[in-house]
Amino acid sequence: MKGLVYRGPGKKALEEVPHPRIEQPTDAVVKILRTTICGSDLHILKGDVPTVKPGTVLGHEGVGVIEEVGQAVSAFRKGDHVLISCISSCGRCEYCKRGMYSHCSVAGWMLGHTIHGTQAEYVRIPFADTSLHRIPDGMDEEALVMLSDILPTGFECGVLNGKVQPGSTVAIVGAGPVGLAALLTAQFYSPAEIIMIDLDDNRLEVALTFGATKTVNSGRENAVERVMALTGGIGVDTAIEAVGIPATFVLCQDIVAPGGTIANVGVHGTKADLHLERLWAHNITLTTRLVDTVTTPMLLKTVQSKKLDPQRLITHRFALADILEAYETFEKAAQTRALKVIIG
Ligand SMILES: NC(=O)c1ccc[n+]([C@@H]2O[C@H](COP(=O)([O-])OP(=O)(O)OC[C@H]3O[C@@H](n4cnc5c(N)ncnc54)[C@H](O)[C@@H]3O)[C@@H](O)[C@H]2O)c1
Ligand SMILES: [Zn+2]
Ligand SMILES: [Zn+2]
């Protein structure tokens, strides 16, 4: 079968790879119907994630159909359509019991990281009973690919950690797929204002159609002054950092109101300043989180009842044979206006 293989920093290839087999009784083998590319895959390709060994098939998102299950799998059988969670969880360890699946002591982020991932014809899913979700009949399966990672990420790390409330003011720094997922799910709580901040006018335009009330292009205008002007000089109750660079983490500290929350979502590769000399007296809360995907069943229900429409995040489609072109389109998002690209 074919899979997209990481070959070391800057190198990837669509290659013939071995068909996955059941290795543990708790495994399932899933035939991939649709997958996608994540910003984290680009981080891996830059060499930012050294825990990914050359030779690994990338990808941690997707939907598919069960091909085979191990003897201990009881929740699924051949032919079931499933949503793959980017986080695998044993469901039994101390962290899983606390809902912190990303810190599962025997699993966590494995797919396309420490084991072969979903950008292939088939994938082996460890702990299948607790790492897959059955897809209810009649749902738009392509749209559900957005629930493997980016929607739970935006919601758990941004909206829940950020304590978005009815009537509150929210700023989301970064209008990439994750920031936009936070924007969509923040609206479950009816905040009064959602200010979207990015450098890319196209993404800011998209954000307005997704429910942002104001946008700020921080490349052209002074974002701190603009946010202060928009909030009566107070700042925002929730500042969600969805970029992952020091400048945007500092921007969040400059725009959060006293009593507010900074919810960091971005993956940071270098150290970033925390201005405690100013913030110690401002009663702020700072949160960090690796997505647990603990809210995926809830998000699935909101999609089913049409309260959430993840299809809006999909801009391009490719066959697996054209996955290199899909990467190029996703990498050049500013030119191609890509948000999420579907493969399969
Ligand atoms: N915590 C988690 O579990 C988790 C999970 C998935 C992704 N992430 C991280 O979330 C972040 C966002 O992911 P994404 O896929 O949306 O990434 P992305 O790269 O597609 O989007 C980032 C956005 O930030 C904008 N940006 C860049 N520099 C900026 C600046 N100086 N000011 C304002 N905007 C700026 C870009 O134009 C882009 O629209 C990444 O760091 C990703 O690794 C975290
Ligand atoms: Zn991801
Ligand atoms: Zn566990």
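Residues numbered from 1 in each chain as written. Chains lettered and ligands numbered in written order. Predicted model: local features only at pLDDT ≥ 70, side-chain atom pairs only at ≥ 80, totals over all residues. Heavy atoms only, no water.

1. Some remarks on the UniProt feature "domain: Enoyl reductase (ER)" (unreviewed entry) in the chain
Here is step 1 of the chain: The UniProt entry lists residues 8-343 under the feature "domain: Enoyl reductase (ER)" (unreviewed entry), expressed in the numbering used here.
Here is step 2 of the chain: Helix makes up 28% of residues 8-343 and strand 22%. Its end C-alpha atoms lie 22 Å apart. (UniProt positions renumbered as here; feature names shortened; annotations may be inferred. Helix = DSSP H or I, 4+ residues; strand = E, 2+ residues; numbered from the N terminus.)

2. Focus on the site of ligand 1
Here is step 1 of the chain: The full set close to ligand 1 counts 23 residues, and Asp198, Arg203, Val243, Val265 and Val291 are the nearest of them.
Here is step 2 of the chain: At a separation of 2.8 Å, an oxygen atom of ligand 1 approaches a polar backbone atom of Val243.
Here is step 3 of the chain: A distance of 2.9 Å is found between a nitrogen atom of ligand 1 and a backbone nitrogen or oxygen belonging to Arg289.
Here is step 4 of the chain: When ligand 1 sits alone it has 880 Å² of accessible area, and the protein chains cover 83% of it.
Here is step 5 of the chain: Sorting the residues of the shell around ligand 1 by element identifies helix H5 (150-160) and helix H6 (177-186) as the ones contributing at least two each.
Here is step 6 of the chain: Across the shell around ligand 1, the residue classes tally to twelve nonpolar, seven polar and four charged. (Near = heavy atom within 4 Å. Polar contact = N/O pair within 3.5 Å; in protein donor to acceptor, adjacent residues only side chain to side chain. Areas by Shrake-Rupley, 256 points an atom, 1.4 Å probe, with all protein chains shown as cover. Nonpolar A, V, L, I, M, F, W, Y, C, P; charged D, E, K, R; others polar.)

3. Quick notes on the domain arrangement of the chain
Here is step 1 of the chain: According to the domain assignment, the chain contains domain 1 (2-149 + 292-343) and domain 2 (152-287).
Here is step 2 of the chain: Between domain 1 and domain 2, the contact holds 22 residues from the first and 16 residues from the second.
Here is step 3 of the chain: For domain 1, the biggest contributors to the area lost against domain 2 are Arg312, Leu313 and Leu339; these three give 31% of the whole.
Here is step 4 of the chain: In this assembly, domain 1 and domain 2 are joined by eight residue pairs in polar contact (both at pLDDT 80 or more).
Here is step 5 of the chain: Where the side of domain 1 that touches domain 2 is concerned, the elements lending two or more residues are helix H11 (296-304) and helix H13 (333-336).
Here is step 6 of the chain: No other element matches H11, which puts four residues into the side of domain 1 that touches domain 2.
Here is step 7 of the chain: Among the residues forming the side of domain 1 that touches domain 2, the class breakdown is eleven nonpolar, five polar and six charged. (Domains from an automatic or database assignment. Contact = heavy atoms within 4.5 Å. Buried area = accessible area lost by both parts, 1.4 Å probe.)

4. Section: the coordination of the zinc ion (ligand 2)
Here is step 1 of the chain: Looking at the metal site, the zinc ion (ligand 2) is ligated by Cys38 (SG), His60 (NE2) and Asp149 (OD), spaced 1.7 to 2.3 Å from it.
Here is step 2 of the chain: Mapping the donors of the zinc ion (ligand 2) onto the primary sequence yields the spacing C-x21-H-x88-D. Here the residue His60 occupies a position in the loop between helix H1 (39-46) and strand S4 (62-69), and Asp149 occupies one in the loop between helix H4 (141-144) and H5, the gap between them amounting to 89 residues. (Donors = N, O, S within 2.8 Å, 3.2 Å for Na, K, Ca; no water.)

5. Here we look at the side chain of Thr296
Here is step 1 of the chain: Here Thr296 shows up in helix H11.
Here is step 2 of the chain: Classification of Thr296 as buried rests on a relative accessible area of 1%.
Here is step 3 of the chain: Residues contacting Thr296, with those up to four places away along its chain left out, are Leu83, His133, Leu147 and Pro152. (Buried < 20%, exposed > 50% of the residue type's maximum accessible area, 1.4 Å probe, protein only.)

6. Description of helix H12 (residues 323-331)
Here is step 1 of the chain: Among all positions of H12, only Ile323, Ala326, Tyr327, Thr329 and Phe330 are buried. Projected down its long axis, H12 carries its buried residues within an arc of 165 degrees, all on one side.
Here is step 2 of the chain: Summarising the contacts, the buried residues of H12 are in contact with strand S1 (2-6), strand S2 (12-16), H1, strand S14 (314-318), H13 and strand S15 (340-343). (Arc of directions from axis to C-beta.)

7. Remarks on the coordination of the zinc ion (ligand 3)
Here is step 1 of the chain: Cys90 (SG), Cys93 (SG), Cys96 (SG) and Cys104 (SG) make up the full set of protein donors to the zinc ion (ligand 3), lying at 2.3 to 2.4 Å.
Here is step 2 of the chain: Taken together, the four donor atoms surrounding the zinc ion (ligand 3) define angles of 104 to 117 degrees at the centre, an arrangement classified as tetrahedral.
Here is step 3 of the chain: Motif for the zinc ion (ligand 3), donor spacing along one chain: C-x2-C-x2-C-x7-C. Judged on exposure class, the residue Cys96 and its partner Cys104 are both buried. (Tetrahedral: all angles 85-135°; square planar, octahedral: opposite > 155°, others 65-115°.)

8. Considerations on the pairing of strand S12 (residues 256-264)
Here is step 1 of the chain: Among the nine residues in S12, seven count as buried, and that is most of the element.
Here is step 2 of the chain: Strand direction decides the pairing type here: strand S11 (residues 236-241) and S12, joined by five bridges, are parallel. Counted as the bridge partner of Ile240 is Ala263 from S12.
Here is step 3 of the chain: Viewed along the sheet, the connection from S11 through helix H9 (residues 246-255) into S12 turns out right-handed.
Here is step 4 of the chain: As judged from the three bridges shared by S12 and strand S13 (residues 285-287), these two strands associate in the parallel manner. Across the sheet, Ile262 pairs through a bridge with Leu286, a residue of S13. (Pairing = 2+ DSSP bridges. Right-handed = clockwise from strand over helix to strand, strands pointing away.)

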